[in-house]
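Observations on the three-dimensional arrangement
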Number of protein chains: 6
Amino acid sequence: MPLVTVKLIEGVFSEAQKAEMVERLTEAMVAVEGENMRSLTLVILEEVKGGDWAVGGKRMTADQVKAIAAGERPT
Amino acid sequence: MPLVTVKLIEGVFSEAQKAEMVERLTEAMVAVEGENMRSLTLVILEEVKGGDWAVGGKRMTADQVKAIAAGERPT
Amino acid sequence: MPLVTVKLIEGVFSEAQKAEMVERLTEAMVAVEGENMRSLTLVILEEVKGGDWAVGGKRMTADQVKAIAAGERPT
Amino acid sequence: MPLVTVKLIEGVFSEAQKAEMVERLTEAMVAVEGENMRSLTLVILEEVKGGDWAVGGKRMTADQVKAIAAGERPT
Amino acid sequence: MPLVTVKLIEGVFSEAQKAEMVERLTEAMVAVEGENMRSLTLVILEEVKGGDWAVGGKRMTADQVKAIAAGERPT
Amino acid sequence: MPLVTVKLIEGVFSEAQKAEMVERLTEAMVAVEGENMRSLTLVILEEVKGGDWAVGGKRMTADQVKAIAAGERPT
């Protein structure tokens, strides 16, 4: 039953990171709900274009998010 | 940036389980995206009423999901 | 895989109508995707409060929607 | 009022299937809610990339879903 | 066409504020898209329970959000 | 906290219009919730392909929506 949807900005995460994300989120859910629920646990990743995500009115690009992740830019 | 939304059937999880879910999902995301992204990581839990969730046309109640979690009912 | 989500105003539809809705939507999907996909087909109903749905800036209540459905009010 | 959103994996369904899906889902809703509600009934299809949909932690591609639909692979 | 969905924590905003929110969001959209699009512009408010919204792993209650809005608590 | 999501048909709005949309929607929210909430206010734009949006069973393309906006086609 549980449906986990993750919204991301396109281009921020690599394929390997997305694969790891799916795995870790599924394990996080199974740790709470129990192993019997694993096959019912869905994870969907949804990507929006850079610039189509704004915080406090400031549109964020993939590069800006990567700079935050790298500690080169404040949140 | 990342926004994690979890859809659940109301009444399946206790408050303690929901708190643990939020914590584990946040840690799962931070493990992938890096510590600098923590304050930008959102988790929202959304609950729908029992019966308002159907798999293969069969509506599921909270009790049925709990029975699956307890291994008393096949998925 | 296919996930069908229906947003509704709370109180417009009876339990019997919601059950019929789940059944008919599932059959509609299976008619397109094929019988083998039935067990992977999800339907979720989500209800918002009357007044929390607006068209052209006009907030709609459950009673107004029922009046439209009954032909007592223009759309 | 009713808003039907369908999430799909990109590339699983043809344009013709998507057109049929919209038509059948609309008819399913109108059969429950009544003909007067037809012009208020919305259907939106949303596609995510293959691999961005996981069940039980297993990421699904469009080809895998097509193989399930064709009965060449278990669900 | 445009569909504006607003997710809120239940109990943060009064009915009067929600009515104003719907009006202002509709006008914001119409200012961009043009008056002819008004009747196609939808706004839906969705409320989640206090505690079911977390930023950086910290669950927020309606009272905490109100304290932030009142300037009695840092964001 | 408030999360504003706008679903649009791809190709209807220019980059400049999308930038204006984000700005106006953020100001609309801040006008209701207060200036202290600005940095917590998120706006996400999500685009679906032309044809993947249907009203009353009729699929709408970007060109059709533009014609409505220009007053060259009834809603």
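Criteria and cut-off values
- Residues numbered from 1 in each chain as written.
- Chains lettered and ligands numbered in written order.
- Predicted model: local features only at pLDDT ≥ 70, side-chain atom pairs only at ≥ 80, totals over all residues.
- Heavy atoms only, no water.
- Helix = DSSP H or I, 4+ residues; strand = E, 2+ residues; numbered from the N terminus.
- Buried < 20%, exposed > 50% of the residue type's maximum accessible area, 1.4 Å probe, protein only.
- Contact = heavy atoms within 4.5 Å.
- Areas by Shrake-Rupley, 256 points an atom, 1.4 Å probe, with all protein chains shown as cover.
- Lys, Arg positive; Asp, Glu negative; His and termini not counted.
- Charge placed at Lys NZ, Arg CZ, Asp CG, Glu CD.
- Buried area = accessible area lost by both parts, 1.4 Å probe.
- Salt bridge = Lys/Arg side-chain N within 4 Å of Asp/Glu carboxyl O.
- Polar contact = N/O pair within 3.5 Å; in protein donor to acceptor, adjacent residues only side chain to side chain.
- 1 Å grid on protein atoms, 1.4 Å probe; cavity = no way out; pocket = protein on both sides within 12 Å on 5 of 7 lines; lining within 4 Å.
- Points joined across faces, edges and corners; volume = space filled by probe spheres on them.
- Nonpolar A, V, L, I, M, F, W, Y, C, P; charged D, E, K, R; others polar.
- UniProt positions renumbered as here; feature names shortened; annotations may be inferred.
- Axes fitted to C-alpha atoms, helices over the stretch in contact; angles between N-to-C directions.
- Parallel < 35°, antiparallel > 145°, perpendicular 65-115°, else oblique.
- Left-handed = near helix turned anticlockwise from the far one by under 90°.

Moving on: the overall build of chain A. Scanning chain A for helices and strands turns up two helices and four strands. Secondary structure of chain A in N-to-C order comes out as β-α-β-β-β-α. Principal axes of the C-alpha set define a box for chain A whose edges measure 40 × 20 × 20 Å. Buried residues in chain A amount to 53% of all 75 residues. Of the contacts made within chain A by residues no fewer than 6 positions apart, 62% connect residues no fewer than 24 positions apart. Surface exposure of chain A reaches about 2900 Å², of which carbon and sulfur atoms provide 48%. Taken together, the 9 basic and 12 acidic charged side chains of chain A have centroids lying 8 Å from each other.

At the interface, 33 residues of chain A touch 33 residues of chain B. The largest share of the area that chain A buries against chain B comes from M1(A), V32(A) and N36(A), three residues that together contribute 24% of it. Here chain A and chain B share zero salt bridges between them. There are seven residue pairs in polar contact (both at pLDDT 80 or more) connecting chain A and chain B. Counting residues per element, the side of chain A that touches chain B draws most heavily on helix α1 (residues 15–33) of chain A, which supplies 10 residues.

Attention now moves to empty space enclosed by the protein. Throughout the structure, instances matching the rule amount to one cavity of 30 Å³ or more. The space that makes up the largest cavity amounts to roughly 400 Å³. Lining the largest cavity we find 23 residues, and of these K7(B), K7(C), K7(D), K7(E) and K7(F) sit closest to its centre. Those elements that provide at least two residues to the lining of the largest cavity are β1 (3–9) of chain A, β1 (3–9) of chain B, β1 (3–9) of chain C, β1 (3–9) of chain D, β1 (3–9) of chain E together with β1 (3–9) of chain F. Partitioning the lining of the largest cavity into residue classes produces five nonpolar, six polar and 12 charged.

Per the stated rule, a full pass over the model turns up 66 salt bridges over all chains. The shortest N-O distance in the salt bridge between D52(B) and R59(B) comes to 3.4 Å. Three or more residues joined by partner-sharing salt bridges are found here, namely E10(A), E15(A), K18(A), E47(A), K49(D), D52(D) and R59(D).

We now examine the UniProt feature "domain: 4-oxalocrotonate tautomerase-like" (unreviewed entry) in chain A. Summarizing the sequence annotation, UniProt attributes the feature "domain: 4-oxalocrotonate tautomerase-like" (unreviewed entry) to residues 2–62 of chain A in the numbering used throughout. Between the C-alpha atoms that bound residues 2–62 of chain A there is a distance of 29 Å. The span itself is 33% helix and 31% strand.

Moving on: the packing of helix α1 (residues 15–33) of chain E against helix α1 (residues 15–33) of chain F. Packed helix pairs are specified by the crossing angle of their axes together with the interaxial distance, meaning the distance between the axes. Closest axis-to-axis distance for the α1(E)/α1(F) pair is 9 Å, and the angle between their directions is 160°. When the interaxial angle is binned, α1(E) and α1(F) end up roughly antiparallel. Note on packing geometry: the crossing formed by α1(E) with α1(F) is right-handed. Along its contact with α1(E), which presents Q17(E), E20(E), M21(E), R24(E), L25(E), A28(E), M29(E), A31(E) and V32(E), the element α1(F) presents Q17(F), E20(F), M21(F), R24(F), L25(F), A28(F), M29(F), A31(F) and V32(F). A class-by-class count of the residues in the contact of α1(E) with α1(F) yields 12 nonpolar, two polar and four charged.

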